[in-house]
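This is what each chain is made of:
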Amino acid sequence: MLVAEDDPMQAELIRRLLLREGHTPVVVADGRAAIDEAASRRPDLVVLDLMLPGIDGLGVCRVLRQNGDIPVLMLTARSTEDDVLLGLETGADDYMTKPYSPRELLARIRTVLRRTQRPAADSPVLHVGGITVDPERHEVTCDGVPVPCTPGEFAILHAMTEAPDRVFSRRQLLQHTRGHDRASTERAIDVHIMNLRKKIEDDPRRPVRLLTVFGVGYKLSGQQP
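Residues numbered from 1 in each chain as written. Predicted model: local features only at pLDDT ≥ 70, side-chain atom pairs only at ≥ 80, totals over all residues. Heavy atoms only, no water.

Describing the overall build of the chain
Here comes step 1: The number of helices and strands found in the chain is eight helices and 11 strands.
Here comes step 2: Considering only intrachain contacts with a sequence separation of at least 6, the fraction spanning at least 24 residues in the chain is 55%. (Helix = DSSP H or I, 4+ residues; strand = E, 2+ residues; numbered from the N terminus. Contact = heavy atoms within 4.5 Å.)

Listed below in structure tokens is the structure:
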């Protein structure tokens, strides 16, 4: 586990929590060190403070997403909805505001780790309308072209390719991506959908694969575009 937190008291609290859970935490205090450690150690998860010196948490998250799909749990003192959605749009898998409950932090970490663990080897490769989802390898392709996905984006596509043309509500998709259904976070699904459309649609403003069903939610079209 990589902990990027410049507040020594917060960093020590998180380090002790992770040790108690049986993890091996590595603590850094600035954005550049976080990027370097993530590249060299390939941690199972990054607990990332937003307000880091040097390169801030958003910048770190962008670099991590460019170089792979390491799960990111972002921490910040900013609590407005726009700040939360900006963190998710950048590629964070979950977002907690300070002050937070240590028990909730550990619960969120467990949820993200469960979601990103490799599934059983007999999980079938799914094909829907030019989209291929390989749960075993955690890979997505669109018309044969690899599509880099965050764990949350992958969870949405996996659920939708298992049930093409089924309409999923935001609350149902939230269950797949986060493990809890607090209505205050349902707008996060819109951010994941927007990011996915940028990756799998020729024109994200006029989607033909990942469709909105107004007043209900979203569905993945089973038709080849």
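Now that the structure has been shown, the text picks up again.
Focus on the state of the cysteines
Here comes step 1: Evaluation of the coordinates by the stated rule reveals zero disulfides.
Here comes step 2: The cysteine cysteine 149 is free of any disulfide, with cysteine 142 supplying the nearest cysteine sulfur at 10.0 Å. (Disulfide = S-S within 2.5 Å.)

Some words on unusual backbone geometry
Here comes step 1: A cis amide bond links lysine 98 with the next residue in sequence, proline 99, at an omega value of -5 degrees.
Here comes step 2: One can find proline 99 in the loop between strand E5 (94-97) and helix H5 (102-116).
Here comes step 3: For aspartate 143, which is not glycine, the phi torsion reads 55 degrees and is therefore positive.
Here comes step 4: Its location among the elements puts aspartate 143 in the loop between strand E8 (139-142) and strand E9 (145-146).
Here comes step 5: Unusually for a residue other than glycine, aspartate 165 sits at a positive phi of about 70 degrees.

Overview of the packing of helix H6 (residues 151-162) against helix H8 (residues 187-200)
Two packed helices can be described by the angle between their axes and the distance between those axes.
Here comes step 1: Two elements in contact, H6 and H8, have axes whose closest approach is 10 Å; the angle formed by their N-to-C orientations is 85 degrees. With respect to each other, H6 and H8 are oriented roughly perpendicular. For the pair H6 and H8, contact is made by Gly152, Glu153, Ile156 and Leu157 and by Ile189, His192, Ile193, Asn195, Leu196 and Lys199, respectively.
Here comes step 2: The residue inventory of the contact of H6 with H8, partitioned by class, reads five nonpolar, three polar and two charged. (Axes fitted to C-alpha atoms, helices over the stretch in contact; angles between N-to-C directions. Parallel < 35°, antiparallel > 145°, perpendicular 65-115°, else oblique. Nonpolar A, V, L, I, M, F, W, Y, C, P; charged D, E, K, R; others polar.)

Digging into the sheet that holds strand E3 (residues 46-49)
Here comes step 1: Spatial strand order, E2-E1-E3-E4-E5: five strands in an open sheet with parallel pairing. Every other strand in the sheet has two partners, leaving strand E2 (26-28) and E5 as the edge strands with one partner each. Averaged over all neighbouring strand pairs, the angle between strand axes comes to 15 degrees, with direction disregarded.
Here comes step 2: With three bridges joining them, strand E1 (residues 2-4) and E2 adopt parallel strand pairing. Each bridged residue has a counterpart across the sheet, and for valine 3 the counterpart in E2 is valine 27.
Here comes step 3: The strands touched by helix H3 (residues 57-67) within the sheet are E3 and strand E4 (72-76), with E4 carrying the most contacts at an inclination of about 175 degrees. (Pairing = 2+ DSSP bridges.)

Read these as spatial facts, not as claims about activity.
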